[in-house]
Amino acid sequence: MSTVDVLTVAAEGGVIGDGRTGANLALGVGLIGVAIGWLALARVSGRISTGNARTSAVSAMVVGLAGTALAALHLATSHGGPGTGNGLVGAVVAIPLGLLAIALGRRALARSRRAVRTADRFEHERALGDS
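Reference entry: report on the structure contained in this document. As the structure is a computational prediction, the values presented were derived from the model and not from experiment.

Considering the overall build of the protein
Alright, step 1. Counting its regular elements, the protein contains four helices and zero strands.
Alright, step 2. Secondary structure elements in the protein, listed N-terminal to C-terminal, are α-α-α-α.
Alright, step 3. Buried positions account for 30% of the 131 residues belonging to the protein.
Alright, step 4. Across the protein, every contact between residues at least 6 apart in sequence was considered, and the portion connecting residues at least 24 apart equals 66%.
Alright, step 5. Summing over all exposed atoms, the protein offers an accessible surface of approximately 8,000 Å²; the carbon and sulfur share of this is 64%.

Right under this line is the structure:
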């Protein structure tokens, strides 16, 4: 089975379940992406000392992109309108969640790069002052 087939089956709700399954999957992936992005921002600011902020930021962006893609695919393949039980409203809500996860990951990545550059500058100034 190709990747496109797997995503199509996931967006349509799969073999078992109704049309809301694909939307619920996209919502879950989007929420996980937001949580990862939030934790990445906490790591950059120093509130959490475990883990790598840059890896978490990239993970949040990838998971957010996957959630947005699943939601958009579900929107494109669902039949009927809102209130028909096909998960259309859930997919509409999942798109901003995925985009929020991407934004949080990007902000954490930018902050981690800035923190690395600032630390390198201080080390360079300290090395010049010591000699």
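Back to the write-up after that little detour.
Section: the packing of helix H2 (residues 20-45) against helix H3 (residues 53-77)
Alright, step 1. Where H2 contacts H3, the axes come no closer than 8 Å and their chain directions differ by 160 degrees. Here H3 runs roughly antiparallel to H2, going by the angle between their axes. Crossing handedness for the pair H2 and H3: left-handed. Each of Gly22, Ala23, Leu25, Ala26, Val29, Ile32, Gly33, Ile36, Gly37, Ala40, Arg43 and Val44 in H2 lies in contact with H3, whose residues at this interface are Ala53, Ser56, Ala57, Ser59, Ala60, Val63, Ala66, Gly67, Leu70, Ala71 and His74.
Alright, step 2. Of the residues assigned to the contact of H2 with H3, the class counts are 15 nonpolar, seven polar and one charged.

Focus on the nonpolar core
Alright, step 1. Counting residues in each nonpolar core, the largest one holds 17 residues, and the members touching the most others are Ala26, Val34, Ala57, Ala71, Ala94 and Ala108.
Alright, step 2. Put simply, the parts of the chain that give this core at least two residues each are H2, H3 and helix H4 (88-130).
Alright, step 3. Among all residues touching Ala108, those that are not within four sequence positions of it are Ala40, Leu41, Val44 and Ala57.

Calculation criteria
- All chains use their own residue numbering, which begins from 1 and follows the written sequence.
- In view of the model being predicted, local features appear only for residues whose pLDDT reaches at least 70, and side-chain atom pairs are presented and counted only at 80 or more, with totals across whole chains, interfaces and linings using the full set of residues.
- Side-chain numbers here rest on the full set of heavy atoms in the structure, without hydrogens or water.
- Each helix is a run of H or I in the DSSP string that is no shorter than four residues. Each strand is a run of E no shorter than two, and both are numbered from the N terminus.
- Whether a residue is buried, partly exposed or exposed follows from its accessible area with a 1.4 Å probe, protein chains only, as a fraction of its type maximum: under 20%, in between, or over 50%, in that order.
- Two residues form a contact once any of their heavy atoms are found within 4.5 Å.
- Every accessible area reported is derived by Shrake-Rupley at a probe size of 1.4 Å, with residue values counting cover from the shown protein chains alone.
- Note on method: axes are straight lines fitted to C-alpha atoms, helices fitted across the in-contact stretch only, with angles between N-to-C directions ranging 0 to 180 degrees.
- Oblique is the label for any angle not under 35 degrees, not over 145, and not in the 65 to 115 range, which are roughly parallel, roughly antiparallel and roughly perpendicular in turn.
- Should the near helix be turned anticlockwise from the far one by less than a right angle, the crossing is left-handed, and should it be turned clockwise, the crossing is right-handed.
- Polarity classes work like this: nonpolar for Ala, Val, Leu, Ile, Met, Phe, Trp, Tyr, Cys and Pro, charged for Asp, Glu, Lys and Arg, and polar for all others, with Gly in that last group.
- Residue types Ala, Val, Leu, Ile, Met, Phe, Trp, Tyr and Cys, when buried and joined through side-chain atoms within 4.5 Å, form a set referred to as a nonpolar core.

Note that every value here comes from positions in space, so none of it alone points to a role or purpose.
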